[in-house]
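# Structural overview
Single-letter residue listing:
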Amino acid sequence: MNMENTSIFTKIINGEIPAHKIYEDDKTFVFLDINPLADGHVLVVPKVQVDQIWQLPDDYYAAVWSTAKKVAERMQEVLQPMRVGTVIEGLGVPNHGHVHLVPIYDEDVLRLHHGYPVNVDENNLKSLAEKLSFTD
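As a starting point, this report considers the structure included with it. (Residues numbered from 1 in each chain as written. Predicted model: local features only at pLDDT ≥ 70, side-chain atom pairs only at ≥ 80, totals over all residues. Heavy atoms only, no water.)

The next thing to look at is the pairing of strand β5 (residues 99-104). For β5, a buried count of six out of six residues is recorded, marking the element as mostly surrounded by other parts of the structure. In this structure, strand β3 (residues 42-46) lies alongside β5, joined through three bridges in antiparallel fashion. The residue of β5 that forms the bridge with V42 is L101. As paired elements, strand β4 (residues 83-87) and β5 share five bridges and run antiparallel to each other. Across the sheet, the residue bridging to R83 is I104, located in β5. (Buried < 20%, exposed > 50% of the residue type's maximum accessible area, 1.4 Å probe, protein only. Helix = DSSP H or I, 4+ residues; strand = E, 2+ residues; numbered from the N terminus. Pairing = 2+ DSSP bridges.)

Here it is as structure tokens:
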């Protein structure tokens, strides 16, 4: 890998940058987010650097979600939030897909509907469904 393209997450995984590690296995690395939305907000990072999580090889993709489940269960047990939310947005570190696990202590912390205008007209919804459908 070209060192110029090495993500900050790869540097954390390699021990070049310190982080508060929560969990590690052969395919994933989990650490506390340095700009958390809530106490205990972590990042589940694959040890393969890809731009979007959907580009991961299947075994790494499965490992990310297996680790996310394990860590979320631990967070629920230890921190006792209302829920543990999951976010994949890919904007903060665009060259290394990852999953955010956020303990939800307040219903508004991860609220999806913030009042952005979206066309919910029946014709628009029908058109979108047709475009996205796997059936012909």
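The next point concerns helix α2 (residues 58-79). A rise of 1.5 Å per residue sets the reference length of α2, with its 22 residues, at 32 Å; its end C-alpha atoms lie 31 Å apart and thus fit the reference within 8%. Where α2 is concerned, the buried positions are Y60, A63, V64, T67, A68, V71, A72 and M75. Seen from one end, α2 has its buried residues packed into an arc of 165 degrees, which puts them on one side. More than 90 degrees from the buried face of α2, the exposed residues found are D58, K69 and E77. Of the surrounding secondary structure, the elements contacted by the buried residues of α2 are β1 (21-24), β2 (28-32), β3, β4 and β5. Among the residues trailing α2, Q80 stands out with phi positive, at a value near 50 degrees. (Expected span 1.5 Å × (residues − 1). Arc of directions from axis to C-beta. Contact = heavy atoms within 4.5 Å.)

With that settled, consider the packing of aromatic side chains. A full pass over the atoms with the stated rule returns four aromatic pairs. Relative to Y61, the ring of W54 lies with its centre 6.1 Å away and its plane at 45 degrees, an arrangement referred to as tilted. Classification of W54 by relative accessible area gives exposed; the value is 55%. Judged by its relative accessible area of 30%, Y61 is partly exposed. A centroid spacing of 6.4 Å and a plane angle of 65 degrees characterise the contact between Y61 and W65, whose relative ring orientation is edge-to-face. Of this pair, Y61 and W65 both sit in helix α2, four residues apart, roughly one helical turn. By relative accessible area, which is 28% here, W65 ends up partly exposed. Every member of this aromatic cluster is reached through a ring pair, and the members are F9, F29 and F31. Above the ring of Y60, the side-chain terminus of K27 is found at 5.2 Å from the ring centroid. (Phe/Tyr/Trp six-rings, centres within 6.5 Å; stacked < 30°, edge-to-face > 60°. Lys NZ or Arg CZ within 6 Å of the ring centre and 35° of its normal.)

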